[in-house]
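# A look at the structure
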Amino acid sequence: MNTPDTSAAAVSAAVAPASVSRRKMHFSPYVALFPAFAIVLLAYVVTVVWNIWISFTDSKVLPVNIFVGAKQYDRLFSTARWLLSLQNVVVFGVLFIAGCLILGFLLAVALDQKVRFENTFRTIFLYPFAMSFIVTGLVWQWIMNPTLGLQKVADSIGFTWFRFDWIVQSDLALYVIVLAGIWQSSGLVMAIMLAGLRGVDRELWKATRIDGVPSWRVYLHIVIPILRPTIITASVLLAIAVVRVYELVLATTGGGPGISTEVPGKFIMDYLFGRGNIGLATGASTVMFVTVVILVTPWLYYEYFREKPRGN
Amino acid sequence: MQGPTGRKPQHLTPGRIGLYLFLVIAALFFLLPLYVMLVTSFKSMPEIRQGNIFAFPQMWTADAWVQAWSTACTGLECGGISVGFWNSVKILIPSMILSILISSLTGYALSFWRVKGANVLFAILLLGAFIPYQVFIYPLVLIYRDIGIYSTLPCIIITHTVFGLPVLTLLFRNYYSSLPMELFKAARIDGAGLWQIFFRLMIPMSIPILVVAAILQVTGIWNDFLFGVVFAGRENFPMTVQLNNIVNSTQGEKLYNVNMAATILTALVPLIVYFGSGRWFVRGITAGAVKG
């Protein structure tokens, strides 16, 4: 189709077969979107519906089509391990999100003060985010190991009273996971916040300086409200990580000691593939699904589907 | 050369000292695990048992690295982490190409062409980015098993393509929406069709966003554990799964130096991408995250 275009010929060629090309135009967007439609239908819609259906059946090791109503949900919510995993994910979620937001914000503010070696600091704060949760979990598992890590170091320099064996204490192990999570993800918050801070109008700083407002008050009462969308973005990202948390727990504590650091993501994987209780596991994942949809839909609607002018 | 119009000279006030103190302590906190991993991987086991985790190796040895790469045991097999490395490469490359191709095409079609059902498609994709993977996994296993590809390389490649779609499509759609509509209209008036505009106009214009997508996919797919363990099959376990098997295998004495060398080796590819791409990495995570 590389015939040289003399303008008159090109124009007439473009105009003449209009009806043919229009029909083709109608068709080709569907061809282009076919893979996406197929994936969405098969991998997202069918699977979710199927998953929900299995949770209403009597499936154990193998899926069966015997409808049992809400039986799996009754069992699920009388399973101590599930209830503990819900409790854990809430505690983890609150501390992890709060920790990342606070540390990330402080780091971003600190880096925004025209410090030397800003690039080096930024690189150091963000590199853990490039690493997987498996790697993060394993690393912190070693550092927290009471016979090898921090506690042993403290022992050897004479602080024998120092006890830092959280990872083997069932009421404290979850906090090790929180710490590892914050180490991995607060750099992300720092990067997002720093971009937000750089977007704050410089005139604003001049004005407040002239008025003699102390900078901490400017940050608290003016900058944080301006950064609201940025903070929401960061929180949403962290919240996804909370809902999905699985690898981090697996690599740090394996859910232990006992079942003390169990989380829903791991509960489902264990019951699907280890303990062969598919009905219960799909019930649990349906609970997660419904929770996420309820929480996310209003925000998504607000963010993407309101009538907005097309970006420049 | 500090003239009166220049920036106010920064004296070392107590506030500045505090600021730097905070930054340095924070930097130590972030660097500590990497330091511990590195020094431990160069120690011998007797030294690890006696000494403390922060101490420098008294006798530097790279034995642990050799072992981690070529002879460390994952349960029964003892081929080292290198097996997982090559598996990860075999998974990464096709997954990355396929997912970027489909999602760029989808993003383009969604931003420039009026298609019935496009909003529904987009809404489901958006929602899909937030739903925990555990919801899809079991039915997918059944579907793959019925087609007969469960636990194979194509199975894991398809899975990465499927679950890379939401974030990447969002990325491309946002990028294409920021391009001027006039450009597209001009191409249409010149008689170009959907595919011509895509391959000859849009793809060349989307090099920056393609780089971002590639960074996202390299780090995301390389760091994946969940899909690897469920869908790849024992033969094709990616590096993260193998690493976890090596470290958390219960048999025998724990070889901390080998484990840490294996961990660093596993983290190496995403770290190289991170250090090599600098600002692009940040752009990738923030753009891919929510909005472009």
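Please read all numbers here as calculations on a predicted model, not as lab measurements.

## Topic: the interface of chain A and chain B
Between chain A and chain B, the residue contacts involve 97 residues of the former and 102 residues of the latter. Both faces combined, the contact of chain A with chain B buries some 8,900 Å², and carbon together with sulfur accounts for 78% of it. Summed over the shared surface of chain A and chain B, the result is zero salt bridges. Our count for the chain A to chain B interface comes out at 19 residue pairs in polar contact (both at pLDDT 80 or more). The dominant element in the side of chain A that touches chain B, judged by the number of residues it contributes, is helix H2 (residues 18–55) of chain A, at 21 residues. Here the side of chain A that touches chain B is composed, by residue class, of 71 nonpolar, 17 polar and nine charged.

## Things to note about the side chain of His 160 of chain B
Note that His 160 of chain B resides in helix H7 (residues 153–178). Aside from chain neighbours lying at most four places away, what touches His 160 of chain B is Ile 91, Ser 95, Ile 221, Asp 224 and Phe 227 of chain B.

## Focus on the nonpolar core
If you look at the biggest cluster of nonpolar residues, it comprises 197 residues, and the most contacted ones within it are Phe 92 and Phe 125 of chain A together with Tyr 108, Phe 130, Tyr 176, Met 202 and Phe 231 of chain B. Looking at this core element by element, the count peaks at 15 residues for helix H8 (residues 173–198) of chain A. When residues no more than four places from it in sequence are discounted, the contact partners of Phe 92 of chain A are Ile 97, Leu 174, Ile 177, Val 178, Val 242, Val 245 and Leu 248 of chain A.

## As for the confidence of the model for chain A
Residues and elements named next belong to chain A. Summarising the model, chain A shows a mean pLDDT of 84, and 87% of its residues fall at 70 or more. The least confident element of chain A is helix H1 (residues 7–15), whose mean pLDDT is 44; the most confident is helix H4 (residues 80–111), at 95. Between residues 1–20, whose pLDDT stays under 50, and residues either more than four places distant or in other chains, the model counts one contact.

About the thresholds
- Residues numbered from 1 in each chain as written.
- Chains lettered and ligands numbered in written order.
- Predicted model: local features only at pLDDT ≥ 70, side-chain atom pairs only at ≥ 80, totals over all residues.
- Heavy atoms only, no water.
- Contact = heavy atoms within 4.5 Å.
- Buried area = accessible area lost by both parts, 1.4 Å probe.
- Salt bridge = Lys/Arg side-chain N within 4 Å of Asp/Glu carboxyl O.
- Polar contact = N/O pair within 3.5 Å; in protein donor to acceptor, adjacent residues only side chain to side chain.
- Helix = DSSP H or I, 4+ residues; strand = E, 2+ residues; numbered from the N terminus.
- Nonpolar A, V, L, I, M, F, W, Y, C, P; charged D, E, K, R; others polar.
- Core = buried A, V, L, I, M, F, W, Y, C linked by side-chain atoms within 4.5 Å.
- Buried < 20%, exposed > 50% of the residue type's maximum accessible area, 1.4 Å probe, protein only.
- pLDDT = per-residue confidence, 0-100.

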